[in-house]
Amino acid sequence: MNPIKNIAIIGLGYVGLPLAIEFGKKFKTIGYDKDLKRIQNLKNNIDSNKEISSTDIIKSKKLIFKNNIRDLKNIDMFIVTVQSPILKNKTPDLSYIRKATEEVSSVMKKKSFIVYESTVYPGATENYCLPILEKKSKLKLNRDFYLGYSPERTNPGDKKNKITDIIKVVSGSSDYALGVINEVYRSIIKAGTYKAKTIKVAEASKVIENIQRDLNIALMNELSIIFNKLELDTNDVLNCAKTKWNFNNYYPGLVGGHCIGVDPYYLTYISKQHGYKPNVILSGRNINNRMYVHIVNLFLKELKKKNPKLKKPKILIMGYTFKENVSDVRNTQVENMINFLKKKNFYNLDVYDPNVNLEDIKTPIKKIFIKKLVKFKYDGVIISVKHDKFIKFGPKYIKNLLRDDRGLIFDVKGILGKDKNIIKL
């Protein structure tokens, strides 16, 4: 018999809210977040991240939202989904996980289950979180409570691959814990679950998913730099290469956000702690972290070719979020690109992104955002994010944003066709 009657989701961001919605259809569920404004919005069926519709929130009949940790005193299973960013020195920032763990330990009861979904390095759940739980609660693992790890596989902006349609990896601190955790997740995951042998294995599987993508994109970015020097069109080369059945098709571009641009540093951190410097992973990170420099330099070089007498061009940046069709601006590489343009003394900049909540931007870049596009105004346009809205605009509309035929469009994400006014990676 399943001992889990109620569940609390700790952290209602891009990972926690969709999970709370699904569990709220089956279990009494509390969605907990320290952000009072977030809770108030969700009580009014509003997701400010624009990922979950009001209808979906309403459909989750057993879900309620709380801001006070004391309301979680009788919970059977806590699922921690808070963010796990990096510090300025590229090492893990576990402060959010620590605070969430301390809060859970203050209200957890005997026979509770605590499951982490936040991305961490292998060993963090048992070596970092567990001591906090035991010390603060004065309870003992596998006697008084149980531990688990189930890596999140949420893909913000993706309306096709929902969390219920993606196989869920689960792990537990004992066979009993694994069985219960597996049963709970299986109740909402249509695609099924996969039992990891240990918590550490499950943690490792998460970080390598994003490291693999990071390295593949880094390879494409490096190839695009080489092909540009050889005066080859990268897309033409890729179109030829992908005719082979086992060619993995990736495209060059900016890599930011709170997953691909962050997770590799969690594994490299613990690897260095064990005496090995992971050169390939760090090399890929360095390439992707510097890609904005290549984009800006290439853009300015081609713009000067088309219009040599141009002093301070009026430039439009289309897209600011870290990826397409989301509102999330965390760790966006577009910010680096804009700041680099400013260092080049190109101050006539506008930024347009209809997906962005301006309240989320804490830098002076906020001042150069525009709310609507104006035709025949710009000397150059950089399309940095592949939003569906930009694709719907079409090449003719975007070309009409240029002041005249000497203007240039840098189609970073390859959403437009070939044209004398368009360059690509």
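The coordinates are above.
Summary of the structure given here. (Residues numbered from 1 in each chain as written. Predicted model: local features only at pLDDT ≥ 70, side-chain atom pairs only at ≥ 80, totals over all residues. Heavy atoms only, no water.)

Counting secondary structure elements, the protein chain contains 13 helices and 13 strands. Taken over 425 residues, the protein chain has a buried fraction of 54%. Considering only contacts in the protein chain between residues 6 or more positions apart, those separated by 24 or more positions represent 73%. Element-wise, carbon and sulfur atoms account for 51% of the exposed surface of the protein chain, whose accessible area totals about 20600 Å². (Helix = DSSP H or I, 4+ residues; strand = E, 2+ residues; numbered from the N terminus. Buried < 20%, exposed > 50% of the residue type's maximum accessible area, 1.4 Å probe, protein only. Contact = heavy atoms within 4.5 Å. Areas by Shrake-Rupley, 256 points an atom, 1.4 Å probe, with all protein chains shown as cover.)

Let us now look at the packing of aromatic side chains. Enumeration over the complete set of coordinates arrives at 11 aromatic pairs. Judged by centre distance (4.9 Å) and plane angle (25 degrees), the ring pair of Phe 113 and Tyr 146 falls under stacked. With Phe 113 in strand β5 (residues 112-116) and Tyr 146 in strand β6 (residues 145-149), this residue pair connects regions lying 33 residues apart in the sequence. Classification of Tyr 146 as buried rests on a relative accessible area of 9%. Taken together, a centroid distance of 6.2 Å and an interplanar angle of 35 degrees make the contact between Tyr 352 and Phe 390 tilted. A residue pair is termed long-range when its members are at least 10 positions apart, and Tyr 352 in strand β10 (residues 349-352) and Phe 390 in helix α13 (residues 388-399) qualify at 38 residues. (Phe/Tyr/Trp six-rings, centres within 6.5 Å; stacked < 30°, edge-to-face > 60°.)

Let us now look at the sheet that holds strand β2 (residues 28-32). What the eight strands build is an open sheet, ordered β3-β2-β1-β4-β5-β6-β7-β8; its pairing is mixed. Only two strands of the sheet have a single partner each, and these edge strands are β3 (63-66) and β8 (193-195). Taking the axes of each pair of neighbouring strands and ignoring which way they run, one obtains an average angle of 25 degrees across the sheet. Here five bridges tie β5 to β6, and the two strands are oriented parallel to one another. (Pairing = 2+ DSSP bridges. Axes fitted to C-alpha atoms, helices over the stretch in contact; angles between N-to-C directions.)

With that settled, consider the nonpolar core. Grouped together as the largest cluster of nonpolar side chains are 43 residues, with contacts concentrated most on Ile 10, Leu 72, Phe 78, Ile 114 and Tyr 116. Those residues in contact with Ile 10 that lie beyond four places of it in its chain are Tyr 32, Leu 72, Phe 78, Ile 79, Val 80, Thr 81, Val 82, Ala 100 and Val 104. With 34 residues, the next largest nonpolar core counts Val 293, Val 334, Leu 349 and Phe 410 among its residues. (Core = buried A, V, L, I, M, F, W, Y, C linked by side-chain atoms within 4.5 Å.)

Summarising the element assignment, Asn 348 is placed in the loop between α12 (333-343) and β10. Residue classification places Asn 348 among the partly exposed positions, given a relative accessible area of 29%. Note: C-alpha distance between Asn 348 and Val 237 (111 residues apart in sequence) is 35 Å. For Asn 348, the residues in contact, after removing those within four places along its chain, are Lys 312, Pro 313, Lys 314 and Ile 315. A distance of 3.0 Å separates the side chain of Asn 348 from the backbone oxygen of Lys 312, its partner in a polar contact. (Polar contact = N/O pair within 3.5 Å; in protein donor to acceptor, adjacent residues only side chain to side chain.)

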